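# Observations on the model geometry
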Amino acid sequence: MAQSAPTSGAFPSAQSPVKFPVWSLVVFCLAFGVMYVPTFATLANTTWATDEQGHGPLILAACAWLLWGMRNDLFGRPAKPALVPGFLLLSLGLAMYVVGRSQRVIEFEASSLILILVACLLLIQGVAAVRRAWFPLLFLLFMVPLPGAFVQALTLPLKSVVSMVAEQVLYWAGYPIGRNGVTLTIGPYQLLVADACSGLNSLFTLEALGLLYMNIMNYKSKARNVILAVGIIPISFIANVTRVIILVLITYYLGDEVGQGFAHEFAGLVLFSVALVLTYGLDRLLAARFDDMGGARDGR
């Protein structure tokens, strides 16, 4: 009987199985843990302990889950290491880590994690693996703390706009409200719109959740994904204005102690509830158009 020729395709045939790089991954995980466990501890005690950027651990866990789910796709194919770009990127990542760790610049230290992950993928598997893992690697950017100068430059303008819109809505509703800068006066109470109410950090959190949602849903239409991603920006603003209005009304009817107590935390839950409902509603509106045009979910 004649022997059949090996089949061709993206994956190797049964006659020539690809060896899973177990030892390479074990060494990488050990080195990664030694380097970045102290970084995660620093983040947990500083940036991640704040309400504004407490989403960092969730981003990290989501990326780990996504990468673990695609492990066979990443490492079950023939390896084509890209040594030159891999070592260059690894050198840059290590330099950023050393500078960030020694000078206590947490933005550099956390950003180096992404560069080192990309470099190791290039060295172990090659460019194709980086292309397949592009979303988890890009998604890790939401884990990196926002630079202080960037936050300060945007916080005050955002607070001003949120205060102005909240004042106009309540004024149109017939409430005795006034505004001086970012301070709202309603009845006998004065409320200062704090930095946390600017909506900057909630915008990044909601954008991260939206991108993760689109990745899980696996929509085929790029236009649909772009519209949904951009649509999260005004949705975040509307949700944040709603939060401020609720806090103002609670203070007006129930007093300052109630407004600054449990109700303040409850308003944060309202913010994300409103944002998620509006995001889902926008997604359903887009489905009415794009699902009929081949923009439905891609089968896996």
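The preceding data block contains the structure.
Rules used throughout
Residues numbered from 1 in each chain as written. Predicted model: local features only at pLDDT ≥ 70, side-chain atom pairs only at ≥ 80, totals over all residues. Heavy atoms only, no water. Helix = DSSP H or I, 4+ residues; strand = E, 2+ residues; numbered from the N terminus. Buried < 20%, exposed > 50% of the residue type's maximum accessible area, 1.4 Å probe, protein only. Contact = heavy atoms within 4.5 Å. Areas by Shrake-Rupley, 256 points an atom, 1.4 Å probe, with all protein chains shown as cover. Salt bridge = Lys/Arg side-chain N within 4 Å of Asp/Glu carboxyl O. Expected span 1.5 Å × (residues − 1). Arc of directions from axis to C-beta. Axes fitted to C-alpha atoms, helices over the stretch in contact; angles between N-to-C directions. Parallel < 35°, antiparallel > 145°, perpendicular 65-115°, else oblique. Left-handed = near helix turned anticlockwise from the far one by under 90°. Nonpolar A, V, L, I, M, F, W, Y, C, P; charged D, E, K, R; others polar.

### With respect to the overall build of the chain
A count of helices and strands for the chain gives 12 helices and 3 strands. Across the 300 residues in the chain, those meeting the buried criterion constitute 40%. Within the chain, contacts between residues separated by at least 24 positions form 74% of all contacts whose residues are at least 6 apart in sequence. When the accessible surface of the chain is totalled, it reaches about 17,000 Å², and 68% of it is carbon and sulfur.

### Digging into the pattern of salt bridges
Under the definition given, this model contains 6 salt bridges. Between Asp 283 and Arg 284 there is a salt bridge whose closest N-O contact spans 2.9 Å. Here Asp 283 falls in the buried class, since its relative accessible area comes to 0%. Ionic contacts of the salt-bridge type, sharing partners, join the residues Asp 73, Arg 77 and Arg 132 into one network.

### Some words on helix H4 (residues 83-103)
Its 21 residues place the ends of H4 30 Å apart at the C-alpha level, agreeing with the 30 Å of an ideal helix rising 1.5 Å per residue. Burial in H4 covers these residues: Gly 86, Leu 90, Gly 93, Met 96, Tyr 97 and Gly 100. Looking down the long axis of H4, one finds its buried residues gathered within 130 degrees of arc, a one-sided arrangement. Facing away from the buried surface of H4 by more than 90 degrees, the exposed residues are Val 84, Leu 88, Val 98 and Gln 103. Note on H4: the residue one or two positions beyond its end, Arg 104, has a positive phi of about 60 degrees.

### Some points on the packing of H4 against helix H5 (residues 106-124)
The relative placement of two packed helices comes down to the angle between their axes together with the axis-to-axis distance. Close contact between H4 and H5 brings their axes to 8 Å; oriented N to C, the two are set at 160 degrees. One element, H4, and the other, H5, form an angle in the roughly antiparallel class. Remark: the crossing between H4 and H5 carries left-handed chirality. Tallied by class, the residues present in the contact of H4 with H5 amount to 17 nonpolar, 5 polar and 2 charged.

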